[in-house]
Amino acid sequence: MTTPLLRQLRRALPEASIDYLTGRGCAPILAGNPYIDRVLPFDASILFGAQLGRVRELLPLLRDYDCIFILDKHWIFALLARFAGAPMRIGFRRRAHEGVLLTHKVAYGALHHEIDYYLDLLEAAGWPVARGDVALDAPAQQPFAGEGASAVLVNSGGENANERSSVRRMPDALFGALVETCAARTPVVFLGSPSERAYYERFTGAGRTNLCGRTSIAEAASLLRAAARVITTDTGLMHLAAAVNPRVTAVFGPTHPLRKCPPGACWVWADEERYDPRYELFGRVPGSHYFAALTVADILERVHPSPFHGRRKAEPA
């Protein structure tokens, strides 16, 4: 979701050297991006593992820049930018004290799409912003053997560097029924990480292929582009799919579609009354159960893309 910011930053500063520091696992998402000069991958476990003593290793990567955009919300990144000596440090302020280390700040909290928040950073720095230019830029793609116009199903989310939960995942009964219905019409493919492969094995069968851990990001992007339909929960593959395919249905639970649904995708949501913004703002995993009011019919009827909006659970006919 930061790619519209990169595109507009390049437009504002065509002669600038623009580099992107990111964890190694995310670096392939930026492969081939025409708006940056270099991707600087680092070992993210320095920040999220028990290795904080190695944080100083990042400082040489951040030195000698005139401006640093801090795209993560955690204060540690603003602190690193300050230690690196960047004269302009542009980032988010969730709490009052988090703005102390920044020279330009954007208050983060109100219901506002994530892409718009990133563009707010550009605006806060004084550069022009085109609010309608929000399309996601896709990474480089690589064909995958056996690729076909299948339905790609993804039931994931909540497995991040600082979170291990299944709160964004559809219940097994709902996802299983969705798999059965889709598989009766077209071949189904599951995409995900190697650690998710075992989860999807329970849903495999005739016409259902589990590719978790068997594709690179470039190959996953190619599969998603060719899919006749993609149905996904709020996870990284949701955004990757929307960058390459207009036929994406996003199924939301604890997160808000008006904050997270990618442009061009449609969404379905039945948990507005349970929505707790502290999850998205501060990472506080909610204890509520989600998706219970959704049916397979609610999900399958959402096939018409509409940027940044969709519909909640369908009303009874």
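What you are looking at is a predicted structure, and each value in this text was computed from that prediction instead of being measured. (Residues numbered from 1 in each chain as written. Predicted model: local features only at pLDDT ≥ 70, side-chain atom pairs only at ≥ 80, totals over all residues. Heavy atoms only, no water.)

Peer 1: In this structure, what is going on with the pairing of strand β11 (residues 229-233)? I would like to understand it.
Peer 2: On a regular strand, each side chain points to the face opposite its neighbour's, so the side chains alternate between the two faces of the sheet. Summarising burial for β11: five of the five residues are buried, a large majority. Neither face of β11 is left uncovered, since the one carrying R229, I231 and T233 and the one carrying V230 and T232 both have all their residues buried. Across four bridges, the pairing between strand β6 (residues 151-154) and β11 is parallel. Of the residues in β11, the one forming a bridge with V152 is V230. In this sheet, strand β12 (residues 248-252) lies alongside β11 in parallel orientation, the contact comprising four bridges. By the bridge assignment for β12, I231 is matched with T249. Handedness of the crossover joining β11 and β12 through helix α9 (residues 236-244): right-handed. (Buried < 20%, exposed > 50% of the residue type's maximum accessible area, 1.4 Å probe, protein only. Helix = DSSP H or I, 4+ residues; strand = E, 2+ residues; numbered from the N terminus. Pairing = 2+ DSSP bridges. Right-handed = clockwise from strand over helix to strand, strands pointing away.)

Peer 1: Sorry, what's going on with the packing of helix α8 (residues 217-226) against α9 here?
Peer 2: A pair of packed helices can be characterised by two numbers: the angle between their axes and the separation between those axes. Packing of α8 against α9 leaves a shortest axis separation of 8 Å and a crossing angle of 55°. The orientation of α8 with respect to α9, classified from their angle, is oblique. Between α8 and α9 lies a crossing of right-handed hand. Contacts between α8 and α9 involve I217, A220, A221, L224 and R225 from the first element and L237, L240, A241 and V244 from the second. Residues of the contact of α8 with α9, tallied by class, amount to eight nonpolar, no polar and one charged. (Axes fitted to C-alpha atoms, helices over the stretch in contact; angles between N-to-C directions. Parallel < 35°, antiparallel > 145°, perpendicular 65-115°, else oblique. Left-handed = near helix turned anticlockwise from the far one by under 90°. Contact = heavy atoms within 4.5 Å. Nonpolar A, V, L, I, M, F, W, Y, C, P; charged D, E, K, R; others polar.)

Peer 1: Please explain the sheet that holds strand β4 (residues 88-93) as it appears in this structure.
Peer 2: In a beta sheet, neighbouring strands pair by backbone hydrogen bonds and run either parallel or antiparallel. The strand order across the open sheet formed by three strands is β3-β4-β5, and the pairing between neighbours is parallel. Of all the strands in the sheet, just β3 (67-69) and β5 (104-107) have a single pairing partner and so form its edges. Along the sheet, successive strands turn relative to each other by an average axial angle of 15°, direction set aside. The pairing of β4 with β5 spans four bridges and is classified as parallel. Bridging from a neighbouring strand, G91 pairs with K105 of β5. This element, helix α5 (residues 114-124), spans β3, β4 and β5 of the sheet and lies at about 145° to β5.

Peer 1: Help me out: how do you make sense of the side chain of D19 in this one?
Peer 2: Relative to the assigned elements, D19 resides in strand β1 (residues 19-23). A distance of 2.9 Å separates the side chain of D19 from the side chain of R38, its partner in a polar contact. In this structure the side chain of D19 is engaged in a polar contact, spanning 2.5 Å, whose partner is the side chain of Y65. Look past the residues within four positions of D19 in its chain and what remains in contact with it is D37, R38, L40 and Y65. (Polar contact = N/O pair within 3.5 Å; in protein donor to acceptor, adjacent residues only side chain to side chain.)

Peer 1: Looking at this structure, I do not really get the state of the cysteines. What am I missing?
Peer 2: What we call a disulfide is simply a covalent bond connecting the sulfur atoms of a pair of cysteines. Tallied over the full model, the rule gives zero disulfides. Looking at C261, it has no disulfide partner, and the nearest cysteine sulfur is the one in C266, 7.4 Å off. Classification of C261 as buried rests on a relative accessible area of 0%. (Disulfide = S-S within 2.5 Å.)

Peer 1: Sorry, what's going on with the layout of surface pockets here?
Peer 2: Vacant regions in the atomic arrangement are exposed by a probe of water-molecule size rolled over the atoms. A volume near 190 Å³ is recorded for the second largest pocket. The wall of the second largest pocket is formed by S166, V167, R169, M170, P171, D172, P286, G287, S288, H289, Y290 and F291. Its residues placed into classes, the lining of the second largest pocket shows six nonpolar, four polar and two charged. (1 Å grid on protein atoms, 1.4 Å probe; cavity = no way out; pocket = protein on both sides within 12 Å on 5 of 7 lines; lining within 4 Å. Points joined across faces, edges and corners; volume = space filled by probe spheres on them.)

Peer 1: When you look at helix α1 (residues 3-12) in this model, what are you seeing that I'm missing?
Peer 2: For the α-helix, the turn length of 3.6 residues means that residues three or four positions removed from each other point alike. Burial within α1 is extensive, with eight of its 10 residues counted as buried. Every buried residue of α1 is accounted for by T3, P4, L5, L6, R7, Q8, L9 and R10.

Peer 1: When you look at empty space enclosed by the protein in this model, what are you seeing that I'm missing?
Peer 2: For the structure on display, the rule yields one cavity of 30 Å³ or more. Approximately 50 Å³ is the volume found for the largest cavity. Residue lining of the largest cavity: I70, D72, K73, H74, W75, A78, G91, F92, E98 and L102, and that is the complete set. Contributions of two or more residues to the lining of the largest cavity are made by α4 (75-84) and β4. Each residue belonging to the lining of the largest cavity can be placed in one class, and the counts come to five nonpolar, two polar and three charged.

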